[in-house]
Amino acid sequence: MRIAVFPGSFDPFTRGHESVVRRACGLFDRIVIGVGTNTTKKYYFDLDKRKSMIEQVFKELEQVQVQSFDGLTVDFCREVGAQFILRGLRDGKDFFYENSIAVMNQNMAPEVETVFLLTSPTTAGISSTILREILRNNGDIRPFIPEGMKID
């Protein structure tokens with residue numbers, strides 16, 4: 001069974017994230033969306049809220065599961081039996097950042113391979129950081145999050 005972990009803080013989960021997961025469903029038997037904590041980030045939504053928002057999006061897809069985790073992504077991969085880490089890339093800047101992490105993960109867990117998917121052109125400009133700023137200024141982020149995902 002090909003199992004991939006799609007890790008992130010997902011604060012909030014975006015249409016870009018959704019696109020990556022839905023397209024990856026054809027590549028993997030199971031995708032575990034790992035909602036992690038990043039010690040350098042200040043969150044807009046708490047962990048339980050982030051997890052429940054993502055579960056709403058994929059409730060019809062049995063092959064997609066949502067779990068929270070602490071610690072290293074490679075340790076979480078071992079915990080759930082994943083052989084792959086799935087990451088989305090919006091641009092070259094993302095590639096350089098993600099490539100460094102992939103190399104470190106490969107050194108720590110050679111049995112886990114990182115797979116990059118390019119985001120769709122229509123979602124490449126969406127970032128959780130920008131969406132948090134829109135929220136803090138009472139803006140509407142509905143065009144940038146998965147349809148039907150409730151943020152209130």
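For the structure, see preceding data.
Just so you know, these numbers come straight off a predicted model, no measurement behind them.

**Q** Would you explain the layout of surface pockets in this entry?
**A** Empty space among the atoms becomes visible once a probe the size of a water molecule is rolled across them. Considered as a void within the structure, the largest pocket measures approximately 1200 Å³ in volume. Going through the elements one at a time, strand S1 (3-8), helix H1 (15-24), strand S2 (30-36), helix H3 (73-80), strand S4 (84-89), helix H4 (92-108) and helix H5 (128-136) are the ones with two or more residues in the lining of the largest pocket. Counting residues per element, the lining of the largest pocket draws most heavily on H4, at 9 residues. For the lining of the largest pocket, the class distribution of residues is 14 nonpolar, 19 polar and 9 charged.

**Q** Any chance you could explain the nonpolar core here in plain terms?
**A** The nonpolar side chains of a soluble globular protein tend to be buried with one another. Core analysis: the largest hydrophobic core is formed by 27 residues, its most contacted members being Phe6, Phe13 and Ile33. For this core, the secondary-structure elements that each account for two or more residues are S1, H1, S2, helix H2 (47-57), strand S3 (64-69) and H5. Not counting residues up to four positions away in its chain, the partners in contact with Phe13 are Phe6, Glu18, Val21, Ile33, Ile54, Phe58, Ile145, Pro146 and Met149.

**Q** Looking at this structure, I do not really get the pairing of S2. What am I missing?
**A** Looking down a regular strand, the side chains alternate between one sheet face and the other. A large share of S2 lies buried, amounting to 7 of its 7 residues. One ladder, built from 6 bridges, connects S1 with S2; its direction is parallel. Residue pairing in the sheet places Val5 in a bridge with Val32 of S2. Considered for its hand, the β-α-β crossover made up of S1, H1 and S2 is right-handed. Judged from the 6 bridges that link them, S2 and S3 form a sheet pairing that is parallel. If you follow Ile33 over to S3, its bridge partner there is Val66. Between S2 and its parallel partner S3, the chain crosses via H2, and the hand of that crossover is right-handed.

Rules behind the numbers
- Residues numbered from 1 in each chain as written.
- Predicted model: local features only at pLDDT ≥ 70, side-chain atom pairs only at ≥ 80, totals over all residues.
- Heavy atoms only, no water.
- 1 Å grid on protein atoms, 1.4 Å probe; cavity = no way out; pocket = protein on both sides within 12 Å on 5 of 7 lines; lining within 4 Å.
- Points joined across faces, edges and corners; volume = space filled by probe spheres on them.
- Helix = DSSP H or I, 4+ residues; strand = E, 2+ residues; numbered from the N terminus.
- Nonpolar A, V, L, I, M, F, W, Y, C, P; charged D, E, K, R; others polar.
- Core = buried A, V, L, I, M, F, W, Y, C linked by side-chain atoms within 4.5 Å.
- Buried < 20%, exposed > 50% of the residue type's maximum accessible area, 1.4 Å probe, protein only.
- Contact = heavy atoms within 4.5 Å.
- Pairing = 2+ DSSP bridges.
- Right-handed = clockwise from strand over helix to strand, strands pointing away.

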